[in-house]
Amino acid sequence: MSAKKIHKSSIIGQQGINFVEKIVLGMGFLWYPTGGIEAGTDGFIEIRDSDTGVARNLIIQVQSKATSKRWESESDDRFVYRVRQEDLDYWLRGNLPVILIVSRPATNEAYWSPINSYFSDPLTRKSKRVEFRK
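Below or above, wherever it landed, is the structure these notes cover. (Residues numbered from 1 in each chain as written. Predicted model: local features only at pLDDT ≥ 70, side-chain atom pairs only at ≥ 80, totals over all residues. Heavy atoms only, no water.)

**Thoughts on the side chain of S103**
Spelled out, the test is: Here a helix means four or more residues in a row that DSSP labels H or I, a strand means two or more in a row labelled E, and each is numbered from the N terminus. For this analysis, residues touch if any pair of their heavy atoms sits within 4.5 Å.
Summarising the element assignment, S103 is placed in strand β5 (residues 98–104). Setting aside chain neighbours within four positions, we find S103 in contact with G16, F19, K65, A66, T67, W71, E109 and A110.

**Some words on the layout of surface pockets**
Heads up, the condition is: Lining residues are those with an atom within 4 Å of a point, where the points come from a 1 Å grid over the protein atoms alone and group into cavities, where a 1.4 Å probe fits but cannot get out, or pockets, open sets with protein on both sides within 12 Å along at least five of seven lines. Grid points are joined across faces, edges and corners, and a volume is the space filled by probe spheres set on the points. Any residue that is not Ala, Val, Leu, Ile, Met, Phe, Trp, Tyr, Cys, Pro, Asp, Glu, Lys or Arg is counted as polar, Gly included; the first ten are nonpolar and the last four charged.
One number sums up the size of the largest pocket: a volume of about 380 Å³. The wall of the largest pocket is formed by 24 residues, among which G13, Q14, I17, D42 and S64 lie closest to the centre. Elements with a contribution of two residues or more to the lining of the largest pocket: α1 (8–26), β1 (30–33) and β3 (55–66). Here the element with the most residues in the lining of the largest pocket is α1; it accounts for seven residues. When grouped by side-chain class, the residues that make up the lining of the largest pocket number six nonpolar, twelve polar and six charged. Taken as a whole, the second largest pocket encloses approximately 250 Å³ of empty space. Partitioned by chemical class, the residues of the lining of the second largest pocket number 13 nonpolar, no polar and no charged.

**Points about the pairing of strand β6 (residues 109–114)**
Threshold: The buried label goes to any residue with under 20% of its type's maximum accessible area, the exposed label to any with over 50%, and the partly exposed label to all in between, with areas taken from a 1.4 Å probe on protein chains only. In this analysis, strands are considered paired if DSSP registers two or more bridges between them.
Only one face of β6 is covered, namely the face carrying E109, Y111 and S113; the face carrying A110, W112 and P114 is uncovered. Summarising the sheet, β5 and β6 pair through six bridges and their orientation is antiparallel. Bridged to V102 within β6 is Y111. Between the end of β5 and the start of β6, which pair antiparallel, lie four residues, with N108 showing a positive phi angle near 55 degrees.

Everything listed is a geometric property; what it means functionally is a separate question.
Okay, structure coming up:
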């Protein structure tokens, strides 16, 4: 008899999304998880004026990538995250800005990069590397 399994990576992924939500709400913005079936973004942030409460209808798509391990080329002040070509193509094709948020929820670390502007240079796009500074 085989047993159904939910792998550790799925749990870490959800912890990452929950961590992103906590940060976004802490900033006074609104978080809308994609939920269910999705092709390449985990949620949306709507910008809100935290003083007046006015929602601005300024929307940013979010792709969350969480881990419990070290990132590529990680040092005390930087690391590299490689994106998949199909993800990059999907993000850049859209009509909304996309931010990539990489996190290590167990250590309360999260870093973000604006995908559309970061990969506006063809050489950077070809490398599929995002360099993060801590």
